[in-house]
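# Structural features, examined
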Amino acid sequence: MLCKLLLDGHPSDLGAYRARLRRLRPLCAVVKVLGVGTILFAQLGVPRLLESGARQSFFRGFYTGVGAFLTAAAVAVFFLLGRLLKDESALRRRFTECTDERNRSIDQKALQSAGVAVFAGLYVLLLAAGLFAPVLFAFCLAGVLAYCLLFLGFRLYYRYKL
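All values reported here derive from a predicted model rather than from experimental measurement.

Between the first and last C-alpha of helix 3 (residues 54-86) there are 48 Å, a value that for 33 residues agrees with the 48 Å anticipated at 1.5 Å per step. Every buried residue of helix 3 is accounted for by Gln 56, Gly 67, Ala 74, Leu 81, Gly 82, Leu 84 and Leu 85. On its buried face, helix 3 is in contact with helix 2 (14-49) and helix 4 (88-99).

Structure, rendered in structure tokens:
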């Protein structure tokens, strides 16, 4: 859903929506390069940084999987955008979907609920982790503080922008 919101944006008319989709296609090439770079890092960089063993094997597999996913997703989105730009009726349907007030309200409430759930989960984990794992405590504390700072920053930004 977050990717859908990033791709759709808030276009004012069908022409602006089409132009936005056209501008997003080159971004797919950047994501593909990032995916391939991640795979190369997994195969060439991880063995040099970590000693051989289970940890090296895990991170090589993890980074290879993430890189493969990024590459495949970028290729899929590239072709999806191309097909959408060629089919006028599908483009109109998608534009109507992304500009529908009900769908926008649903997406906004879902994002808000997800943010609250992540914040609450991190806070509960912060309380429990402080007793057993100092590294996890520091990670959760950083997450809670980052969430709060981002919230305040975006609140100020949108207060003056809107």
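From this point, the discussion proceeds with the structure in view.
What follows concerns the packing of helix 2 against helix 3. Direction vectors running N to C along helix 2 and helix 3 enclose 160°, while the axes themselves pass 8 Å from each other. The orientation of helix 2 with respect to helix 3, classified from their angle, is roughly antiparallel. The crossing of helix 2 and helix 3 is left-handed. For the contact of helix 2 with helix 3, the residue count by class is 23 nonpolar, eight polar and five charged.

All right, on to the pattern of salt bridges then. Counted by the stated rule, this structure contains three salt bridges. Across the pair Arg 18 and Glu 88 runs a salt bridge whose closest N-O atoms are separated by 2.8 Å. Of this pair, Arg 18 sits in helix 2 while Glu 88 sits in helix 4, and the two are 70 residues apart along the sequence. On the basis of relative accessibility, which here comes to 33%, the residue Glu 88 falls in the partly exposed class. Residue Glu 88 pairs with Arg 92 through a salt bridge whose shortest N-O separation is 3.7 Å. Taken together, the residues span about one helical turn, with Glu 88 and Arg 92 both in helix 4 at a distance of four residues. Each of Arg 18, Glu 88 and Arg 92 takes part in salt bridges that share partners, so that together they form one network.

What counts as what
Residues numbered from 1 in each chain as written. Predicted model: local features only at pLDDT ≥ 70, side-chain atom pairs only at ≥ 80, totals over all residues. Heavy atoms only, no water. Helix = DSSP H or I, 4+ residues; strand = E, 2+ residues; numbered from the N terminus. Expected span 1.5 Å × (residues − 1). Buried < 20%, exposed > 50% of the residue type's maximum accessible area, 1.4 Å probe, protein only. Contact = heavy atoms within 4.5 Å. Axes fitted to C-alpha atoms, helices over the stretch in contact; angles between N-to-C directions. Parallel < 35°, antiparallel > 145°, perpendicular 65-115°, else oblique. Left-handed = near helix turned anticlockwise from the far one by under 90°. Nonpolar A, V, L, I, M, F, W, Y, C, P; charged D, E, K, R; others polar. Salt bridge = Lys/Arg side-chain N within 4 Å of Asp/Glu carboxyl O.

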